[in-house]
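# Reading the structure
One-letter residues, chain by chain:
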Amino acid sequence: MAANDTIADMLTRIRNANLARHQTVEIPATRMTRSIAQVLKDEGFVADYSEEGEGIRQRLVLSLKYKGKNRQPIIRNLTRVSKPGLRVYSNRKELPRVLGGIGIAIISTSSGIMTDRDARRRGVGGEVLCYIW
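Residues numbered from 1 in each chain as written. Predicted model: local features only at pLDDT ≥ 70, side-chain atom pairs only at ≥ 80, totals over all residues. Heavy atoms only, no water.

## Description of the sheet that holds strand S2 (residues 46-52)
Spatial strand order, S1-S3-S2: 3 strands in an open sheet with antiparallel pairing. The open sheet terminates on both sides in strands that have one partner only, identified here as strand S1 (24-28) and S2. Each neighbouring strand pair of the sheet contributes to a mean axis angle of 25 degrees, computed without reference to strand direction. Sheet topology note: the S2/strand S3 (residues 59-64) ladder contains 6 bridges and is antiparallel. Each bridged residue has a counterpart across the sheet, and for Ser-50 the counterpart in S3 is Val-61. Contacts from helix H1 (residues 6-19) reach S1 and S3 within the one sheet, and its direction differs from that of S1 by about 165 degrees. This element, helix H2 (residues 31-42), spans S1, S2 and S3 of the sheet and lies at about 155 degrees to S2. (Pairing = 2+ DSSP bridges. Helix = DSSP H or I, 4+ residues; strand = E, 2+ residues; numbered from the N terminus. Axes fitted to C-alpha atoms, helices over the stretch in contact; angles between N-to-C directions. Contact = heavy atoms within 4.5 Å.)

## A few points about H2
The first and last C-alpha atoms of H2 sit 17 Å apart over 12 residues, in line with the 16 Å expected at 1.5 Å per residue. Regarding H2, the residues found buried are Thr-33, Ile-36, Ala-37, Val-39 and Leu-40. Buried residues of H2, seen end-on, are gathered within an arc of 160 degrees and therefore sit on one face of the element. Of the exposed residues in H2, those oriented more than 90 degrees away from the buried face are Arg-31 and Asp-42. Two residues or fewer after H2 comes Gly-44, characterised by a positive phi angle close to 80 degrees. (Expected span 1.5 Å × (residues − 1). Buried < 20%, exposed > 50% of the residue type's maximum accessible area, 1.4 Å probe, protein only. Arc of directions from axis to C-beta.)

This is a description of form; function is not addressed.
Now the structure itself:
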């Protein structure tokens, strides 16, 4: 990864693990990926996550969720919005609604990483990291 876009890397790993119906997926642990993993857990998109390894080798292990006997992934889509080459910001009045509120947008705000719903409730805007539904 030349661009060092940890968020896009994380989303791609989750997307690939979902397609292969893996139970868990490993992601390099950074403050950003930890925060996003916490939001995904709070919103019910992943069952849980844990940290493994030491120092620079630290990684997050996310347990993915599936539903039904066909094991349909709970996460149907992950879309990176703000990229290193083109940042996307949104003030509190213009926070995006994903699929009319079915999905979530993960926003990086001055008060931490949160969903569009939380940001709207707290009246803060920020960088729109990704959409998930």
